[in-house]
Amino acid sequence: MASVSLKHIYKKYPGGVTAVSDFNLEIKDKEFLVLVGPSGCGKTTTLRMVAGLEEITEGELFIGDRLVNDVAPKDRKIAMVFQNYALYPHMTVFENMAFGLKLSKTPKEEIKRRVEEAGRILDISHLLDRKPKALSGGQKQRVALGRAIVRNPMVFLLDEPLSNLDAKLRASMRTELTKLHNRVGTTFIYVTHDQTEAMTMATRIVVMKDGLIQQVDTPQTLYDAPCNLFVAGFIGTPQMNFINAELEKKGDDVYVNFEGNSIKLPAEKANNEALQEYIGKEVIIGLRPEALHDEPMHLATFTESTIDAHVDVTELMGSEIFLYLTVGETALIARVNPRSTSRAGDDIKIALDISRMHIFDKDTERCICH
């Protein structure tokens, strides 16, 4: 097993295009690390540099204690699982899984042992004699994982492996991958644009944008304490509500003003030192949909932070309802109790749990306080 260390990694293409800039990261042994971000942010390029499929322009890459910048992919002791499975159609499942071991001149008995063990782990023992065309998408994905497992790699690299599966299968394969990681005890580096996959599987998440790391942290910390506007908006479904506002001081209290509403900040936020220089200035406030409430109990609790809103659309999700609201010119989303009586076209009161408010610098987009 191995840690992976990326030190000041750059990937520059001809024509001055920089896909990855100054990427610094220490990935611990046996960690499940997920790289997440929008299309074109550099996450797959980073993974391919670890695999050796892309040349590193600048920087150093270590797998364990070994510098591998100039080591061929086959000698890096890594295994990669791709989005499109890449199975040989004329070979059986057994032959597909054994192919890499045959190339490396592994004894036949050892190949048989490893393939059958991987088949048991992935519950595909009954498929070993089939050809890929006779398999479902989920089964093909398991075969691709099996082909990686039999090599006993130090590091697993997975590039959007679930994106070709339907929603239900994707959810069950997420669980299977987490179990697999616990079972094989190997370092996993996983690329996805789906933040649900990242939140449910990762021990740590790297959020990327335009080739730069925005934040590296545990899923819960990213959700509760995003470092900037981009991370706050990217992590969480539905995404965080953002409201243009202004901070005003009245006596010892600090108020946030928006769309004709003036709401007093709790003392722990108002006394935040970093916030003092923004008094009288425009900021962006962020509230997650679950911090907006329409239940009488919450309206009675948050009497000083209740605002008027118009309901445009309601979406019943079974265990919850999403209310799409308008407050003045600002669109908001509230995640409320499924027994909510709010309906499209209603004018209602919404209670804001401002203890969960995030405040961002309008120019730099950095978070001032949580």
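Here the structure is shown first, and the text comes after it.
Presented here is a report on the structure given in the accompanying data block. All values reported here derive from a predicted model rather than from experimental measurement.

Reading the values: the criteria
- Residues numbered from 1 in each chain as written.
- Predicted model: local features only at pLDDT ≥ 70, side-chain atom pairs only at ≥ 80, totals over all residues.
- Heavy atoms only, no water.
- Helix = DSSP H or I, 4+ residues; strand = E, 2+ residues; numbered from the N terminus.
- Expected span 1.5 Å × (residues − 1).
- Buried < 20%, exposed > 50% of the residue type's maximum accessible area, 1.4 Å probe, protein only.
- Arc of directions from axis to C-beta.
- Contact = heavy atoms within 4.5 Å.
- Core = buried A, V, L, I, M, F, W, Y, C linked by side-chain atoms within 4.5 Å.
- Pairing = 2+ DSSP bridges.

## Here's the deal with helix α3 (residues 108-121)
Then step 1. In this model α3 runs 20 Å from its N-terminal to its C-terminal C-alpha over 14 residues, within 8% of the 20 Å that 1.5 Å per residue would give.
Then step 2. For α3, the complete set of buried residues consists of Ile-111, Arg-114, Val-115, Ala-118 and Gly-119. Along the long axis of α3, the arc covered by the buried residues comes to 135°, so they all point the same way. Residues of α3 that are exposed and point more than 90 degrees away from the buried face comprise Glu-109 and Arg-120.

## With respect to helix α5 (residues 167-184)
Then step 1. For α5, with 18 residues, the first-to-last C-alpha span of 26 Å sits near the 26 Å given by 1.5 Å per residue.
Then step 2. Among all positions of α5, only Met-173, Arg-174, Leu-177, Leu-180 and His-181 are buried. For α5, the buried positions fall inside an angular range of 130° around the axis, keeping them on one side. Opposite its buried face, α5 presents the exposed residues Lys-168 and Asn-182, each directed more than 90 degrees away.
Then step 3. Turning to α5, the residues buried within the fold contact β3 (32-36), α3, α4 (137-149), β7 (155-159), β8 (187-192) and α6 (195-201).
Then step 4. One or two residues past the end of α5 sits Gly-185, with phi positive at roughly 60°.

## Observations concerning the nonpolar core
Then step 1. The biggest cluster of nonpolar side chains holds 46 residues, and the ones touching the most others in it are Met-97, Leu-145, Leu-158, Leu-177, Tyr-190 and Val-207.
Then step 2. Looking at this core, the element that brings in the most residues is α4, giving five residues.
Then step 3. Residues within four places of Val-207 in sequence aside, it is in contact with Val-36, Leu-212, Ile-213, Gln-214, Gln-215, Leu-222, Phe-230, Val-231 and Ile-235.
Then step 4. Counting 34 residues, the second largest nonpolar core, distinct from the first, contains Leu-247, Val-254, Leu-292 and Ile-359.

## A word on the sheet that holds strand β17 (residues 321-327)
Then step 1. With antiparallel pairing, five strands are arranged side by side in an open sheet as β15-β19-β16-β17-β18. Where the open sheet ends on each side, the last strands, each with one partner, are β15 (292-293) and β18 (330-336).
Then step 2. Direction of pairing for strand β16 (residues 306-316) relative to strand β19 (residues 347-352): antiparallel, over a ladder of five bridges. Across the sheet, Ala-309 pairs through a bridge with Ile-348, a residue of β19.

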